[in-house]
Amino acid sequence: MDLKRIFPLFSYVFHPIFISLYGTLFYFVVSQMYVYTSQFFLTIIQVSILTILLPISLYFLLLSLGYVKSFTEANLKQRKIPILIQAVLLFILLKFSASFTLLPELYYFFIGGFFSTLLAFIAVFLKFKVSLHMIGICSLTTFTYALCWHLEVPFISSIAFMIVSCGLVASSRLYMKSHTIIELIVGSCIGLISQMSFWYFWL
């Protein structure tokens, strides 16, 4: 089994840019009995445009200008603009999306994502390369657990899968020499805390 091909796959599949969409899709899968089809499509379109399509378009612009060099790798200097862009887009999503009025669980998931993005941005100025991948996957895992608990649905396999995914993503980042163990640990803590901090408002 060629680890050089397998481990990088987890860095792409669980890239931070996809975490918002994964969380949104999981929310609708679990709570499908509570929402309308139109609301589902509207929310998915909004999330896809603001957290995936626009960031990817801006990524290629930054790539052409030489500000970034890789989709999964970036040094401290190259992180500033992409993280700032992500924070702005999340703010726009939270501020102007009417879909979240009736979806408090999803709203606070994105609030947590915005909060973790700000912490990652602060880390750049502190010259610390926190793992964005671990922030993303741990945020999603925490949200998955909380949502299953909140709605009282036995998605044990989903929670177990997410926990295993956390380990695989961490292993991938170590194997690719993208982060140190402390950077992975700090990223994991930010992902956990950014979600748990808002449990009071919706759990």
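Residues numbered from 1 in each chain as written. Predicted model: local features only at pLDDT ≥ 70, side-chain atom pairs only at ≥ 80, totals over all residues. Heavy atoms only, no water.

A. Region of the structure containing the packing of helix α3 (residues 37–65) against helix α4 (residues 76–96). Two elements in contact, α3 and α4, have axes whose closest approach is 10 Å; the angle formed by their N-to-C orientations is 155°. When the interaxial angle is binned, α3 and α4 end up roughly antiparallel. Judged by the sense of rotation from one axis to the other, the crossing of α3 with α4 is right-handed. Counting all contacts with α3, which are made through Q46, V47, L50, T51, L54, P55, L58 and L62, the residues of α4 involved are I81, P82, I85, Q86, L89, L90, I92 and L93. Broken down by class, the residue content of the contact of α3 with α4 amounts to 13 nonpolar, three polar and no charged. (Axes fitted to C-alpha atoms, helices over the stretch in contact; angles between N-to-C directions. Helix = DSSP H or I, 4+ residues; strand = E, 2+ residues; numbered from the N terminus. Parallel < 35°, antiparallel > 145°, perpendicular 65-115°, else oblique. Left-handed = near helix turned anticlockwise from the far one by under 90°. Contact = heavy atoms within 4.5 Å. Nonpolar A, V, L, I, M, F, W, Y, C, P; charged D, E, K, R; others polar.)

B. Just helix α6 (residues 132–151), in detail. An ideal rise of 1.5 Å per residue puts 28 Å on 20 residues; α6 measures up with 28 Å between its terminal C-alpha atoms. For α6, a buried count of 16 out of 20 residues is recorded, marking the element as mostly surrounded by other parts of the structure. Of the residues trailing α6, E152 is marked for its positive phi of about 55°. (Expected span 1.5 Å × (residues − 1). Buried < 20%, exposed > 50% of the residue type's maximum accessible area, 1.4 Å probe, protein only.)

C. A look at the packing of α6 against helix α7 (residues 156–175). Between α6 and α7, whose axes approach to 9 Å, the crossing angle comes to 170°. Compared by their axis directions, α6 and α7 come out roughly antiparallel. Judged by residue contacts, H133, M134, I137, C138, L140, T141, T144, Y145 and C148 of α6 engage S158, I159, M162, I163, S165, C166, V169, A170 and R173 from α7. Looking at the contact of α6 with α7 residue by residue, the classes come out as 12 nonpolar, five polar and one charged.

D. Just the environment of T144, in detail. With respect to the helices and strands, the residue T144 is situated in helix α6. For T144, a relative accessible area of 2% corresponds to the buried category. Along the sequence, T144 and V186 sit 42 residues apart, while their C-alpha atoms lie 20 Å from each other. Not counting residues up to four positions away in its chain, the partners in contact with T144 are F26, S158, I159 and M162. In terms of polar contacts, T144 uses its side chain to reach the backbone carbonyl oxygen of L140, at 2.7 Å. (Polar contact = N/O pair within 3.5 Å; in protein donor to acceptor, adjacent residues only side chain to side chain.)

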